[in-house]
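Overview (structure and organization)
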Amino acid sequence: MNRGIGVILAIAVAFILGFWISSSGLIGSKNTPAQVSSLSEVGQNQSDGTEEKFPTNAVFVTVEDVQLTPPRSRIQSIGTGKAVRSIHVTADVAGTVEKIHVQPNTDVNAGDPIVTLERKTQEILLGSAKAEFEKQNAAFARYETLLSQHSNAVSQAQVDEARAALAVAQAQVAEAQYEFDRRIIRAPFSGRINLNDLTVGSYLPQGAEIVTLVDASSLLVEFTVPETSISQIRIGVPVRLSTPALQGRIFSGVVESFDSSIDEEFRTVRVRAEVQNPQNLLLPGMTFSVSLASSDNPLPMVPAVSILWNQNGAYVWRLGADDKPERIEVVLRHRQSDNVWVEADLKDGDRVVKDGAFKVSQGADIAIEVAGAEAGRSDG
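Since we're looking at a predicted model, the values are computed, not measured.

Details of helix α3 (residues 120–148)
- The end-to-end C-alpha separation of α3 is 42 Å, in line with the 42 Å expected for 29 residues at 1.5 Å each.
- Those residues of α3 that are buried lie in contact with α4 (156–181).
- Just past α3, the residue His150 takes up positive phi, approximately 60°.

A closer look at the packing of aromatic side chains
- All told, the structure shown has 1 aromatic pair when counted by the stated rule.
- Above the plane of the ring of Tyr315 lies Arg327, whose end atom (NZ or CZ) is 4.5 Å from the centre.

A word on the pattern of salt bridges
- Taken as a whole, this structure holds 16 salt bridges when the rule is applied.
- With its nearest N and O atoms 3.3 Å apart, the salt bridge here joins Lys354 to Glu64. Here Lys354 is found in the loop between β21 (351–353) and β22 (366–368), whereas its partner Glu64 is found in strand β2 (residues 63–65), with 290 residues between them in sequence.
- Given the relative accessible area of 27%, Lys354 is considered partly exposed.
- Linking Arg270 and Glu222 is a salt bridge whose minimum nitrogen-to-oxygen distance equals 3.1 Å. Taken together, the residues Arg270 in strand β14 (residues 268–276) and Glu222 in strand β11 (residues 209–226) connect sequence positions 48 residues apart.
- Given a relative accessible area of 40%, Arg270 falls into the partly exposed group.
- For Glu222, a relative accessible area of 24% gives the class partly exposed.
- Residues participating in the shared-partner salt-bridge network are Glu222, Asp259, Arg270 and Arg272.

Remarks on the side chain of Asp215
- Tracing the backbone through its elements, the reader meets Asp215 in strand β11.
- By relative accessible area, which is 10% here, Asp215 ends up buried.
- A polar atom in the side chain of Asp215 sits 2.9 Å from the side chain of Ser217.

Some thoughts on the sheet that holds strand β7 (residues 113–117)
- Spatial strand order, β8-β7-β5-β10: 4 strands in an open sheet with antiparallel pairing. The open sheet terminates on both sides in strands that have one partner only, identified here as β8 (184–186) and β10 (203–204).
- Inspection of the sheet shows strand β5 (residues 95–100) paired to β10 by 2 bridges, in the antiparallel sense. Residue pairing in the sheet places Gly95 in a bridge with Leu204 of β10.

Analysis parameters
Residues numbered from 1 in each chain as written. Predicted model: local features only at pLDDT ≥ 70, side-chain atom pairs only at ≥ 80, totals over all residues. Heavy atoms only, no water. Helix = DSSP H or I, 4+ residues; strand = E, 2+ residues; numbered from the N terminus. Expected span 1.5 Å × (residues − 1). Contact = heavy atoms within 4.5 Å. Phe/Tyr/Trp six-rings, centres within 6.5 Å; stacked < 30°, edge-to-face > 60°. Lys NZ or Arg CZ within 6 Å of the ring centre and 35° of its normal. Salt bridge = Lys/Arg side-chain N within 4 Å of Asp/Glu carboxyl O. Buried < 20%, exposed > 50% of the residue type's maximum accessible area, 1.4 Å probe, protein only. Polar contact = N/O pair within 3.5 Å; in protein donor to acceptor, adjacent residues only side chain to side chain. Pairing = 2+ DSSP bridges.

So this is what it looks like as structure tokens:
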């Protein structure tokens, strides 16, 4: 009995001794668990070469160089063409049409007769005025001759009276000639005669429309642009025009004039472009698609994702020579695809933060990534 109890006690002592030796790391190990953990962490730090390059609090970003280029933008609009000059020729006086000198859709030069009104009465009055002028002219010449011969048959007062009568007669001739001539309606400028309903014998009251005269040697195309594009509008800026009436044809023009105020309802500005039309291919009233190229000076171009906003407006982060970020305020001018042209204190070749800009702060440590080198790393 006593022998059995001794065996059990021996086994218990051996078990307790073995557990103490194992937990103390004295069997098959030269380091404690704490030492093993420390060495493991050191090994990890030594094997990760990337972590040794940058401070542990560095912000990973990509950068892009600023380019100083003119904005590559175009304004698109719809406009309507009208002749550079177009008027309704009217009758200054009432009368009956005696002769028609032109036909519809024909060209005339400035001063060419269009219509002659009946003027028999004016012809008679003109003849009478001319006869009176001849009479007064002869009387004046006779009196003046007598006076020069020192004849007592005429006095200086009679000569002066004859001179005045001659002047009146001359004025009457001019008036009669004017009334005679004004019954010939002439073209005020060179152009083309539109369709009309003129017939010989028609009576035209004073002020009645006779024909429409159109000078379409060039067309004025009127269109509107939004107020945000007003900075691109200048006299002489080239425009490209096309019309559904002439598919595939492109016409060139220039900005001829534009409004000096903005429409308060639609927030647009009226613009007129002039396009030459020597072959009369373009007709007044045609609809045009207008494309206006930007005429701005070169501006800094930055990626759209680099632009951030705060209570003061838009800004970007520019990196200096020491890769320290500084906030640069910008004013957005034009955007095309993923690029934005801005007004800012940026020069060609400056580096701005692209991806990761929202994580940057003033004076932060920056780690610049190379495209593709960190494909497996997440910035989350």
